[in-house]
Number of protein chains: 4
Amino acid sequence: MTEIGIGIIGGGYMGKAHAVAHAAVGAVFDTALRPRLEMVAASSPASAARYAKSFGFARAADSWQALVADPRVDAVVIASPPETHLEITRAAVAAGKPVFCEKPLGASIADGEAMVAAVDGAGIVNMIGFNYIRTPASQFARRLIAEGTIGEITWFRGEHVEDFYADPALPATWRATGDANGALGDLAPHMINAALALAGPIRTVMAEIETVHPTRGGDPVGNDDQAQMMCRFENGAMGHMFFSRVATGRKMGYIYEINGTKGAIRFNQEDQNSLWLYEASGPEATRGFRQILTGPAHPDYLPFCQGPGHGTGYQDQIIIEARDFLQAIHEGRSLWPAFRDGLAVSRVAEAARRSQAEGRWQSAQPH
Amino acid sequence: MTEIGIGIIGGGYMGKAHAVAHAAVGAVFDTALRPRLEMVAASSPASAARYAKSFGFARAADSWQALVADPRVDAVVIASPPETHLEITRAAVAAGKPVFCEKPLGASIADGEAMVAAVDGAGIVNMIGFNYIRTPASQFARRLIAEGTIGEITWFRGEHVEDFYADPALPATWRATGDANGALGDLAPHMINAALALAGPIRTVMAEIETVHPTRGGDPVGNDDQAQMMCRFENGAMGHMFFSRVATGRKMGYIYEINGTKGAIRFNQEDQNSLWLYEASGPEATRGFRQILTGPAHPDYLPFCQGPGHGTGYQDQIIIEARDFLQAIHEGRSLWPAFRDGLAVSRVAEAARRSQAEGRWQSAQPH
Amino acid sequence: MTEIGIGIIGGGYMGKAHAVAHAAVGAVFDTALRPRLEMVAASSPASAARYAKSFGFARAADSWQALVADPRVDAVVIASPPETHLEITRAAVAAGKPVFCEKPLGASIADGEAMVAAVDGAGIVNMIGFNYIRTPASQFARRLIAEGTIGEITWFRGEHVEDFYADPALPATWRATGDANGALGDLAPHMINAALALAGPIRTVMAEIETVHPTRGGDPVGNDDQAQMMCRFENGAMGHMFFSRVATGRKMGYIYEINGTKGAIRFNQEDQNSLWLYEASGPEATRGFRQILTGPAHPDYLPFCQGPGHGTGYQDQIIIEARDFLQAIHEGRSLWPAFRDGLAVSRVAEAARRSQAEGRWQSAQPH
Amino acid sequence: MTEIGIGIIGGGYMGKAHAVAHAAVGAVFDTALRPRLEMVAASSPASAARYAKSFGFARAADSWQALVADPRVDAVVIASPPETHLEITRAAVAAGKPVFCEKPLGASIADGEAMVAAVDGAGIVNMIGFNYIRTPASQFARRLIAEGTIGEITWFRGEHVEDFYADPALPATWRATGDANGALGDLAPHMINAALALAGPIRTVMAEIETVHPTRGGDPVGNDDQAQMMCRFENGAMGHMFFSRVATGRKMGYIYEINGTKGAIRFNQEDQNSLWLYEASGPEATRGFRQILTGPAHPDYLPFCQGPGHGTGYQDQIIIEARDFLQAIHEGRSLWPAFRDGLAVSRVAEAARRSQAEGRWQSAQPH
Ligand SMILES: NC(=O)C1=CN([C@@H]2O[C@H](COP(=O)(O)OP(=O)(O)OC[C@H]3O[C@@H](n4cnc5c(N)ncnc54)[C@H](O)[C@@H]3O)[C@@H](O)[C@H]2O)C=CC1
Ligand SMILES: NC(=O)C1=CN([C@@H]2O[C@H](COP(=O)(O)OP(=O)(O)OC[C@H]3O[C@@H](n4cnc5c(N)ncnc54)[C@H](O)[C@@H]3O)[C@@H](O)[C@H]2O)C=CC1
Ligand SMILES: NC(=O)C1=CN([C@@H]2O[C@H](COP(=O)(O)OP(=O)(O)OC[C@H]3O[C@@H](n4cnc5c(N)ncnc54)[C@H](O)[C@@H]3O)[C@@H](O)[C@H]2O)C=CC1
Ligand SMILES: NC(=O)C1=CN([C@@H]2O[C@H](COP(=O)(O)OP(=O)(O)OC[C@H]3O[C@@H](n4cnc5c(N)ncnc54)[C@H](O)[C@@H]3O)[C@@H](O)[C@H]2O)C=CC1
């Protein structure tokens, strides 16, 4: 059991989630490396101090620069806004420290490319924060597909839909500016990553991106409320994805439906402990979608609970993520999903933007 | 109570359904006109005779021509293949008889245009068979939207997916030839009609149409297995539809999800007696999608059963349809959906074909 | 094809349902006997005349006595209140006419015993109206259990719960008087019949019966709002049933859950086209309750629709019932469920009343 | 921020869960007291050492006696078998240390009474481990009922059903001996506690308890596989509960359905992030059960995640429990549910055993 000092940049939504995860992960997974909540940085020293006290960090940093440079910080978790991801990554690389970065991979595709170049050039262990694909259910879906349970994929449909911005009366805050904060920039990466993980690389996309409410409270809105794309996977499968922050009634509609020649899979994060599987075998009269409740028979469930159907939750995904990051550091190699996987996701989103601009199908592969 | 002689052309899937409907509709709805199962025609006199005996028609016709011409046949129901729709319509028009035609409106857009011209030119009462929109649930959805319950529509998603052709080992029968028998020709019309009824006219579409299994049992397949289209409604709403006959596990996935600024609606024909409604009002803590079970409070339910939640079924939709056809004849004017509404549906499908050919968005309006 | 004259007594909820059923059944099932809606009787000649016109009967009867005696009435359907069942049955027996009687079998156990004695003594074809057990889903459940799919039954839970009388402000009408109109008398028979059909005879019961709202609108209520019973089946299985007319939110909660040593079954009439089956076989990781959508592979579905998942409804159950009644007449022997099966159901309810009175387990078998 | 040394007895299913909970709770809830994983005890020093290393405790204890006596252990968590609960409690009381005990409260009602006497006599802060009632959904259900949202309760139905012992081929291990390990002893306490919390004290019960498989692998089984009880609440409501470890297909069927005069609530732990609420208000046509997804608007959700519908899991309940235990210690007074609440639960189970023995209704109140 070797201790490792964790430094987290950001103490908001995800900064806290990673703090809790690193507090719990050792007890849950009996990890080889044991995280120590060493330091937290935020937009001001005062807020960092508050976070440190509240989450139980040993110390607060005056700035992210100080955190990255600190000798007792052995690994860096970036949970600050996308605009900060590249610069922090560069500093972590310079300091030779493993780095975990929240999605999306920087504020632009250029940022993402620079981040991949930086970590891969220097051989720095790196990971990107696509947590939803880590539920026992979605890990199991991936395994079922890989094992051929549903045959060849013929159709993939994905959604990431929420309604936190559905009310047009909500003011135009920072959420309403910057591509990285729009539906395509902020929500899409999780589901695009799921699509790539479950159905393989995407060859081409044809998209539509729109701002449903161009003004909010009198102020202009500078980014998109929803976006859709038809897509074609390299394995030939047809697909479609939809992303929305104005999907009234949907709270966490991270939904996928995958048809194959031998079966089908359905999933909705709003009921994250059920995976629906149809197998086109056995007598017609007893076929149907089966509601499989996750349990010890599924990936990464048992460490959380010995009883099936008892369920894991959002925070547990972040704990699984922390386990993988510690494992990656332990093994000295980046585990999936790494920065390069985050970049692959950004490329799909970027192809969507091109498609919207040109009204045509676009390649989603690197040029 | 006036009797009316009904002549049905076709005694297959839908011919039988209409025969049962006309046998039952008077008792269910206490209609002003009372249908008499006068005559049935089929592809041969022998099969017509079998159908007549089996369904309880007074007589069998030697041919559809004989049926249309028969003086005791007061109204004609076309439940034969799309290729026959135009010619029969013309004969019915010539004979001055009201005509009900199963979807799709003929085998091609040209057929459909000719059919509309024929009936509207002669002032013949006409109707097209979009039965699914007639469930109490979908009629109620339409009313809720019209009344503004979910506000302005921001997103429409529709599917009509089944899996009767999912198994690639199934042989290439007549189902595998002819656009009218493909997923876009055969399945799409119902959902396109729903889209138009629920969200209004469609301005433009961008589509993909594909044959998932190009051969079946060694023989070539001549039409499409699935199709998708992004669409833009005239009211500005973004939309998407998907149609498939190879959607493993789906039996009658006539599904729609409609987001609005004030609420949302979800429906799946596989559970046709539930409508899911979300209203963005009241305390956040008690909001949620409500499973409304159809009952006497919903359109056209009470005549089938006095108890809510007891449920209507497929055949009941055809009975409702028969009631409307009788009512149209009684009033001497075509009721929705008429041939022209069927043509509007066909135009959307045709725009999808153009879009597929050209790789671009296309207008779905008459040129 | 032989015609048979049907006489229906009662034109209310169930009288109409049987009228529609007999209008449609020949077309749906191509029955050997073809019903002719010959005559309807009601509480007055005037209402009978209205029903005759509305449902399409050839004639109205001045009284049920006239109907039973009429030479063109070949078979009698009793859809009038329980108090009338015995007397009408006796007349039908005297006239030597097959008789179908709506549940419950008379207004009391004594009535039921007399009815069974009458029909069985005279060898009259008879049937009792337990329609819910006739859905394709519940017929299939019965078959699965009979074939051993779920192994030995270890637990049966049934409910028949509605909320039509949940509001205490509703007045004390006829519904509030007479055991036959209470929850145990009116709602329980369907589910007790299901229990017997699915899990076999009941040996003993221990019950509680209560009037939740002793007065309504100032007037006293004379019968029960809800009742529950623990029961022990002859095969050793433990069970429980609950019946309520004040189950706020439930519209047609005819629900059963059956656990067996090898599997389990769940059903809710509110989604009557789904049967949920769990089989304890195959890898643990892919086990789950399967949502089986009814279709042509299930009993009595195909005549209503060729497509699976398209669904049957309430009225279709009555059509299936009519088919069986015609078939029974054709074969000259009572088919399940006959009057004696209705009596077996009444005996369970009666044992529940004794149990409530004595506060002890009671035998549900004939003494 | 004051540190507090936590000693946990047991490192199995629940010992680990409490270890994780105390590792995470400070970061999640910013608690006044901050737990330090000080010491763990188990059935042998060797296993205690393994648990200490695996979960991150500072030290392992040679025995629970050593742990309770250790000066750096400020509070004791009992997660060892029921037979040990009483003796450990007495030691903790003697040492003047707050004690948290897993359910059930000792191996017998006598144990439970002695435990309550011990802690209450000495004024020791104490709590019992009913975690399921702590989900945001169930806490919210409790609040809704308390606020009168569903009116007066007319019916309570509860289940705790799993299938871990459904296969009769499973051997007769320790699980098959001792009342405390049977369905009524092991599973029932959670749901009985829920019943008391949601619907109030239980006056009388009438029960059945049975061993479905009297032998397993040739060896005799010494406790019950399932049990049911009808119950009457002090507020007059009728109720029923069922407990089973042989409920094939059910993984975590902690289910309740509560009918009231104004509404109804349904919940199933297998989908722990949904609460179903029906309100008998507004137009009939839009009434229905609402699926409320838990979120920041519900109790104890926000500290786990800022997004609604993202979901909490099993482990999170234990974290909430730890927060309450720390809070109780901080305030110097036992918070609900305390030992006395555990005893109230045991009394209901004990009344069920008496009822089974005597075949009559029994009081569930202290004599
Ligand atoms: N994986 C997931 O489920 C989610 C991921 N995210 C991602 O996490 C990242 C952070 O988002 P949230 O936590 O929602 O944001 P937030 O606004 O809740 O928190 C951002 C934090 O970053 C800190 N910060 C801002 N600028 C900084 C600077 N220059 N130096 C140091 N600290 C700085 C702020 O003080 C704050 O503590 C984003 O990349 C976002 O896309 C966000 C929510 C969910
Ligand atoms: N609304 C709905 O839910 C459905 C609508 N349809 C539509 O109904 C129409 C018929 O389809 P199905 O009933 O499925 O076909 P089917 O193959 O089951 O029956 C076709 C019938 O038409 C008769 N027929 C064929 N050629 C004829 C001719 N020249 N003259 C007289 N009769 C002729 C055949 O004898 C047969 O009885 C099609 O337009 C189809 O798209 C079909 C299924 C469902
Ligand atoms: N199987 C099922 O799902 C249901 C069965 N039922 C059963 O059906 C039977 C009838 O109930 P509903 O149709 O609900 O009652 P209802 O009140 O709607 O209709 C009763 C009919 O009986 C007629 N009637 C009454 N007394 C008569 C008499 N002396 N002579 C001739 N006609 C008379 C009335 O005119 C009326 O048309 C009852 O036994 C009831 O338990 C009722 C509802 C559902
Ligand atoms: N709240 C919940 O959801 C659950 C509660 N429980 C309860 O938790 C308690 C423990 O059950 P599990 O964790 O399932 O058992 P387990 O068998 O998984 O673990 C029991 C632990 O107690 C230790 N132990 C046994 N005898 C001991 C002794 N004399 N001194 C010190 N340690 C000893 C063992 O070494 C083992 O680590 C029981 O009261 C049980 O009813 C169990 C499972 C779920």
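Residues numbered from 1 in each chain as written. Chains lettered and ligands numbered in written order. Predicted model: local features only at pLDDT ≥ 70, side-chain atom pairs only at ≥ 80, totals over all residues. Heavy atoms only, no water.

Colleague: Which parts of the structure should I look at to understand the site of ligand 4?
Modeller: All names here are of chain D. In the vicinity of ligand 4, 25 residues are found, and the nearest of them are Gly 11, Met 14, Lys 103, Asn 131 and Tyr 314. A distance of 3.3 Å is found between an oxygen atom of ligand 4 and a side-chain nitrogen or oxygen belonging to His 85. Relative to its free-state accessible area of 840 Å², ligand 4 is covered by the protein chains to the extent of 79%. Contributions of two or more residues to the shell around ligand 4 are made by helix H1 (13-29), helix H4 (82-95) and helix H7 (183-199). For the shell around ligand 4, the element with the most residues is H4, which contributes 3 residues. Among the residues forming the shell around ligand 4, the class breakdown is 12 nonpolar, 10 polar and 3 charged. Domain assignment of the residues forming the shell around ligand 4 places at least three in each of domain 1 (2-131) and domain 2 (133-314 + 345-358). (Near = heavy atom within 4 Å. Polar contact = N/O pair within 3.5 Å; in protein donor to acceptor, adjacent residues only side chain to side chain. Areas by Shrake-Rupley, 256 points an atom, 1.4 Å probe, with all protein chains shown as cover. Helix = DSSP H or I, 4+ residues; strand = E, 2+ residues; numbered from the N terminus. Nonpolar A, V, L, I, M, F, W, Y, C, P; charged D, E, K, R; others polar. Domains from an automatic or database assignment.)

Colleague: Sorry if this is basic, but what is going on with the sheet that holds strand E1 (residues 2-9) of chain C here?
Modeller: In any sheet, the strands associate via hydrogen bonds between backbone groups, in a parallel or an antiparallel arrangement. Residues and elements named next belong to chain C. Pairing within the open sheet is parallel, and its 6 strands lie in the order E3-E2-E1-E4-E5-E6. The open sheet terminates on both sides in strands that have one partner only, identified here as strand E3 (59-60) and strand E6 (126-129). Sheet topology places strand E4 (residues 75-78) next to strand E5 (residues 99-102); 3 bridges connect them, and they run parallel. When the sheet's bridge partners are listed, Ile 78 is paired in E5 with Cys 101. Lying over the sheet, helix H1 (residues 13-29) contacts E1, strand E2 (33-41), E4 and E5, oriented at roughly 155 degrees with respect to E2. (Pairing = 2+ DSSP bridges. Contact = heavy atoms within 4.5 Å. Axes fitted to C-alpha atoms, helices over the stretch in contact; angles between N-to-C directions.)

Colleague: Can you help me understand the interface of chain B and chain C in this one?
Modeller: Many structure descriptions define interface size as the accessible area lost when the parts assemble. With 39 residues of chain B in contact, the opposing surface of chain C contributes 39 residues. Counting each side, the surface lost to burial between chain B and chain C is near 3,200 Å², with a carbon and sulfur contribution of 54%. On the chain B side of the contact with chain C, Tyr 13, Ala 27 and His 310 of chain B bury the most area, a combined 19% of that side's loss. Summed over the shared surface of chain B and chain C, the number is 0 salt bridges. For the side of chain B that touches chain C, the elements supplying multiple residues, two or more each, are helix H1 (13-29), helix H2 (45-55) and helix H8 (314-331) of chain B. With 8 residues, H1 of chain B is the largest single contributor of residues to the side of chain B that touches chain C. When its residues are assigned to classes, the side of chain B that touches chain C shows 16 nonpolar, 14 polar and 9 charged. (Buried area = accessible area lost by both parts, 1.4 Å probe. Salt bridge = Lys/Arg side-chain N within 4 Å of Asp/Glu carboxyl O.)

Colleague: I would appreciate a short explanation of the site of ligand 2 in the present structure.
Modeller: All names here are of chain B. The full set close to ligand 2 counts 25 residues, and Gly 11, Met 14, Lys 103, Asn 131 and Tyr 314 are the nearest of them. One nitrogen or oxygen atom from the main chain of Gly 11 is found 2.8 Å from an oxygen atom belonging to ligand 2. Coverage of ligand 2 by the protein amounts to 79% of the 830 Å² it exposes when considered alone. Going through the elements one at a time, H1 and helix H7 (183-199) are the ones with two or more residues in the shell around ligand 2.

Colleague: How should I be thinking about the relation of the copies chain A and chain B in this particular structure?
Modeller: Mapping chain A onto chain B is achieved by rotating through 180 degrees and translating by 0.0 Å along the same axis, at an RMSD of 0.0 Å. Accordingly, the operation relating the two chain copies is best matched by a two-fold axis. Considering only C-alpha atoms, the residue of chain A closest to the rotation axis is Arg 360 of chain A, which sits at 3.0 Å. (Least-squares fit on C-alpha atoms with pLDDT ≥ 70 in both.)

Colleague: Could you clarify how one ought to interpret the UniProt feature "domain: Gfo/Idh/MocA-like oxidoreductase N-terminal" (unreviewed entry) in chain A in this entry?
Modeller: Residues given the UniProt feature "domain: Gfo/Idh/MocA-like oxidoreductase N-terminal" (unreviewed entry) here are residues 5-129 of chain A. As annotated, residues 5-129 of chain A has a helix share of 50% and a strand share of 22%, and its two end C-alpha atoms lie 19 Å apart. (UniProt positions renumbered as here; feature names shortened; annotations may be inferred.)

Colleague: Looking at this model, I keep getting lost on the relation of the copies chain B and chain C. Mind explaining?
Modeller: Note that the two copies of the chain are related through a rotation about an axis and a translation along the same axis. The transform that puts chain B on chain C rotates by 180 degrees and translates by 0.0 Å along the axis, for an RMSD of 0.0 Å. A share of 100% of interface residues in chain B that are also interface residues in chain C marks the association as one of identical surfaces.

Colleague: How should I be thinking about the interface of chain A and chain B in this particular structure?
Modeller: In this complex, chain A contributes 46 residues to the contact, which on the side of chain B involves 46 residues. Here chain A packs against chain B, burying approximately 3,400 Å² in sum over the two surfaces, 52% of which is carbon and sulfur. Of all residues in chain A, the largest losses of buried area upon contact with chain B belong to Met 230, Met 238 and Thr 248 of chain A, amounting jointly to 18% of the total for that side. In this assembly, chain A and chain B are joined by 10 salt bridges. A salt bridge links Arg 250 of chain A to Glu 257 of chain B; the shortest N-O distance between them is 3.4 Å. Across the chain A-chain B interface, the total number found is 17 residue pairs in polar contact (both at pLDDT 80 or more). Elements with a contribution of two residues or more to the side of chain A that touches chain B: strand E7 (153-161), strand E8 (202-210), strand E11 (226-233), strand E12 (238-244), strand E13 (253-260) and strand E14 (263-268) of chain A. Here the side of chain A that touches chain B takes 7 residues from E11 of chain A, the largest share from any one element. Here the residues of the side of chain A that touches chain B are counted per class, giving 18 nonpolar, 14 polar and 14 charged.

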